[in-house]
Amino acid sequence: MFNRIRWQLVGWNVLVLSVILFLLGSGVYLLFRYSLYRGVDETLVLRGERLIRGEAFRELLRLTGTTLRPVPNQITPSVAPVIPLSPVEAEGLFYLLLDSQGRVLANPQSVALDYLPDLNAVAVMSVTRADLRTVNVGSGNKVRLYTTRLGDAARPIVILQVGHPLAPQETALRGLLILLVSGGLTGVFLSAVGGFFLAERALVPIRNAFRRQHEFVADASHELRTPLTLIRANTEMLTRHPELPVAANLDCLNDVLRETDHLNRLVNDLLTLARADAGADVLEWEQVALDQLCQEASRQFAPLAAAHNVTLEVNTPSPCVLRGDPGRLRQLLLILLDNAIKYNRPGGQATLSLRVERGQAILTVSDTGMGIAPEHLPHLFERFYRVDKARSREMGGVGLGLSIAHWIVTAHRGRIQVSSVPDQGSIFTIFLPIQ
Ligand code: ADP
């Protein structure tokens, strides 16, 4: 399953990058082409206008006007006037002088006249005074052509076509295209390779979460199976002797009751954690008097403490009000006090104290019980983690209390820490911000 997700991530990565590169590349290419052609157009218009308006051109027309004759598709040096248009030649341009019918009057640069002059451009001279277009001149060669006229639209005296071969621009554009395509393909390839490794890294936390979820389900099923097996065994025993009075089966019935309580607690804890995971368990925020909550909790636990022969002390010297969920904060105190009494020794002590320091409430639950070995401390808040499974079960524990405590504290934007010395006792400290 993870392999498929990995390839899907790589695929999406490549697809998104390809689209981005394509759009960027097209943008760069079109912009480059536009600026190249614009440069050519500007030169053509500038030169064309300068020529046709230039003194030399007018003088020449005046002098040679009578001798200008159309030439059939070739240059006749004696007929074609040699116009001193050095700026035009210097820039790799060529020009053709045409009469109003588009017949060539002069072709000083000896341009091949297979595709030129462009008669479509000549035709529009009766409508407009200037025209710019790209003309195909065979073998894939293109020429940018500027056409303008001297004289009015109805009776043009002479038409000038100035052309600029686009070969250098086309070569530059082809080079850019090759660069963009090869760069883009390399980029896509590298992104596929990089994406493959990144996807693996991105999947690590998902894999871990999946594994944890798997273990959680396995642990939960296991925990549910034990009480169910015991309930079944006890009820089977009861059905074997239906004639016996209830009093004779009291042990069995008590076992069933105890296991049902255990199941009940387990299912409640599982539900709390499932809601916490889904983010559905939104806390009900309100002002909470934490000192009062501590007092109530200690009162509630007095009978249990007495039953375990543990002295329960509560220290709340000053009032402490913070924003939080009273139900969840009570649950937090119950979990910690329950543990402080359950894992204590007869004649031991459990203390709950609350103080306010630097804008936070600091709750400590300490006991003089069995303590926890250092190697267990990092795992204590994991689900179903129990130092002594048998003892926990015997005390009615399911191994989810501290996970829930951790979630409650985190949901209140606080933190919880534990320190413990085996055979001396443990101290759980909770820091809660007072908003
Ligand atoms: P449980 O339902 O087993 O009490 P918890 O999540 O509350 O589950 O606690 C996890 C384990 O941490 C317990 O099984 C116990 O081994 C250990 N533990 C918790 N609190 C204490 C404590 N005050 N003293 C010693 N061990 C503790």
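On a predicted model such as this, the values are computed, not experimentally measured, just so you know. (Residues numbered from 1 in each chain as written. Predicted model: local features only at pLDDT ≥ 70, side-chain atom pairs only at ≥ 80, totals over all residues. Heavy atoms only, no water.)

### Notes on the overall build of the protein
When you go through the protein residue by residue, the secondary structure sums to 10 helices and 12 strands. Among the 435 residues that make up the protein, the fraction classed as buried is 40%. For the protein, the share of sequence-separated contacts (at least 6 apart) that also reach a separation of at least 24 residues comes to 66%. A total of about 24200 Å² of accessible surface is found on the protein, and carbon and sulfur atoms cover 60% of it. (Helix = DSSP H or I, 4+ residues; strand = E, 2+ residues; numbered from the N terminus. Buried < 20%, exposed > 50% of the residue type's maximum accessible area, 1.4 Å probe, protein only. Contact = heavy atoms within 4.5 Å. Areas by Shrake-Rupley, 256 points an atom, 1.4 Å probe, with all protein chains shown as cover.)

### A look at the packing of helix 7 (residues 290-307) against helix 8 (residues 326-342)
Put simply, helix 7 and helix 8 touch, their axes get as near as 10 Å, and they point 40° apart. Regarding the angle of helix 7 to helix 8, the classification is oblique. You can see that helix 7 and helix 8 cross each other, and the crossing is right-handed. Counted together, Leu290, Leu293, Cys294, Glu296, Ala297, Ser298, Gln300, Phe301, Leu304 and Ala305 of helix 7 and Pro326, Leu329, Arg330, Leu333, Leu334, Leu337, Asp338 and Ile341 of helix 8 form the full contact between these two elements. (Axes fitted to C-alpha atoms, helices over the stretch in contact; angles between N-to-C directions. Parallel < 35°, antiparallel > 145°, perpendicular 65-115°, else oblique. Left-handed = near helix turned anticlockwise from the far one by under 90°.)

### What to know about the pairing of strand 8 (residues 321-324)
With burial as the criterion, only one face of strand 8 is covered, namely that bearing Leu322 and Gly324; the residues Val321 and Arg323 on the opposite face remain uncovered. Both strand 6 (residues 286-289) and strand 8 contribute to a ladder of four bridges, which runs antiparallel. Within the sheet, the bridge partner assigned to Ala289 lies in strand 8 and is Val321. (Pairing = 2+ DSSP bridges.)

### Examining the packing of helix 5 (residues 167-240) against helix 6 (residues 250-278)
Pairs of packed helices are described in terms of their axes, by the angle between the two and the distance that separates them. Their axes nearest at 9 Å, the elements helix 5 and helix 6 cross at an angle of 160°. Between helix 5 and helix 6, the angle falls in the class roughly antiparallel. The two elements helix 5 and helix 6 cross, and the hand of that crossing is left-handed. Along its contact with helix 5, which presents Phe216, Ala220, Glu223, Leu224, Pro227, Leu228, Leu230, Ile231, Asn234, Thr235, Met237 and Leu238, the element helix 6 presents Cys252, Leu253, Asp255, Val256, Glu259, Thr260, His262, Leu263, Leu266, Val267, Leu270 and Leu273. A breakdown of the residues in the contact of helix 5 with helix 6 according to their chemical character gives 17 nonpolar, four polar and three charged. (Nonpolar A, V, L, I, M, F, W, Y, C, P; charged D, E, K, R; others polar.)

### A look at the site of the ligand
For the ligand, the set of nearby residues contains 20 residues, the closest of which are Asn339, Tyr343, Ser392, Val398 and Leu402. Lys342 is positioned with one of its side-chain polar atoms (N or O) 3.2 Å from an oxygen atom of the ligand. Take Gly399: an N or O atom from its main chain is 2.9 Å from an oxygen atom of the ligand. More than half of the atoms belonging to the ligand lie within 2 Å of the grid points that define the largest cavity. (Near = heavy atom within 4 Å. Polar contact = N/O pair within 3.5 Å; in protein donor to acceptor, adjacent residues only side chain to side chain. 1 Å grid on protein atoms, 1.4 Å probe; cavity = no way out; pocket = protein on both sides within 12 Å on 5 of 7 lines; lining within 4 Å. Sits in = over half its atoms within 2 Å of the grid points.)

### A closer look at the packing of aromatic side chains
Summed over the entire model, instances satisfying the criterion amount to four aromatic pairs. Ring centres of Phe196 and Phe197 lie 6.1 Å apart, and the angle between their planes is 85°; this geometry places the pair in the edge-to-face category. What makes Phe197 exposed here is its relative accessible area of 55%. Joined through ring pairs, the aromatic side chains of Trp7, Phe196 and Phe197 make up one cluster. (Phe/Tyr/Trp six-rings, centres within 6.5 Å; stacked < 30°, edge-to-face > 60°.)

### A short note on the layout of surface pockets
The computed volume of the largest pocket comes to approximately 420 Å³. For the lining of the largest pocket, the secondary-structure elements that each account for two or more residues are helix 5, helix 6 and helix 10 (401-411). (Points joined across faces, edges and corners; volume = space filled by probe spheres on them.)

### Looking at helix 7
Under the 1.5 Å per step criterion, the end-to-end length of helix 7 is 26 Å for 18 residues, consistent within 8% with the ideal 26 Å. Downstream of helix 7 by a residue or two, Asn309 has a phi angle that is positive, lying close to 55°. (Expected span 1.5 Å × (residues − 1).)

### Digging into the environment of Cys294
Relative to the elements of secondary structure, Cys294 occurs in helix 7. For the pair Cys294 and Leu352, spaced 58 residues apart in the sequence, the C-alpha separation amounts to 7.5 Å. Among all residues touching Cys294, those that are not within four sequence positions of it are Val314, Thr316, Leu333, Leu352, Leu354 and Leu363.

### Comments concerning the pattern of salt bridges
For the structure shown, the criterion picks out 20 salt bridges. A salt bridge links Arg144 to Asp41, with the nearest nitrogen and oxygen atoms 2.7 Å apart. Taken as a pair, Arg144 in strand 4 (residues 142-151) and Asp41 in helix 1 (residues 2-53) lie far apart in primary sequence, 103 residues in all. Since its relative accessible area comes to 14%, Arg144 is described here as buried. For Asp41, a relative accessible area of 15% translates into the label buried. Of the charged contacts in the structure, one is a salt bridge between Asp131 and Arg133, with a shortest N-O distance of 2.8 Å. (Salt bridge = Lys/Arg side-chain N within 4 Å of Asp/Glu carboxyl O.)

### Some remarks on helix 5
Over its 74 residues, helix 5 extends 104 Å from the first C-alpha to the last, a length consistent with the 110 Å expected when each residue adds 1.5 Å. The sharpest bend along helix 5 comes to roughly 35°, located at Leu203, with the proline Pro205 sitting one to four residues further on. (Bend = angle between axes of the 7 residues up to and from the residue.)

### Quick notes on the nonpolar core
Counting 48 residues, the largest nonpolar core has Leu290, Leu329, Leu332, Leu363, Leu400, Ile430 and Leu432 as its most contacted members. In terms of residues, this core owes the most to one element, helix 8, which gives eight residues. Grouped together as the second largest cluster of nonpolar side chains are 17 residues, Leu44, Ile52, Ala106 and Leu166 included. (Core = buried A, V, L, I, M, F, W, Y, C linked by side-chain atoms within 4.5 Å.)

### As for the confidence of the model for the protein
Put simply, the protein has an average pLDDT of 86, and 89% of its residues get 70 or more. Looking across the protein, the model is least confident in helix 3 (residues 86-90), with a mean pLDDT of 47, and most confident in strand 12 (residues 425-433), with 97. Under a pLDDT of 50 for its full length, residues 66-89 has, in the predicted model, 40 contacts with residues more than four places off or in other chains. (pLDDT = per-residue confidence, 0-100.)

### Some points on empty space enclosed by the protein
Empty space among the atoms can be located by rolling a probe the size of a water molecule over them. What the rule picks out here adds up to one cavity of 30 Å³ or more. For the largest cavity, the calculated volume is near 420 Å³. If you go around the largest cavity, you meet 26 residues; those closest to its centre are Asn339, Tyr343, Leu380, Val387 and Leu402. By residue number, the principal contributor to the lining of the largest cavity is helix 8, which donates five residues. Residue classes in the lining of the largest cavity are distributed as 12 nonpolar, seven polar and seven charged.

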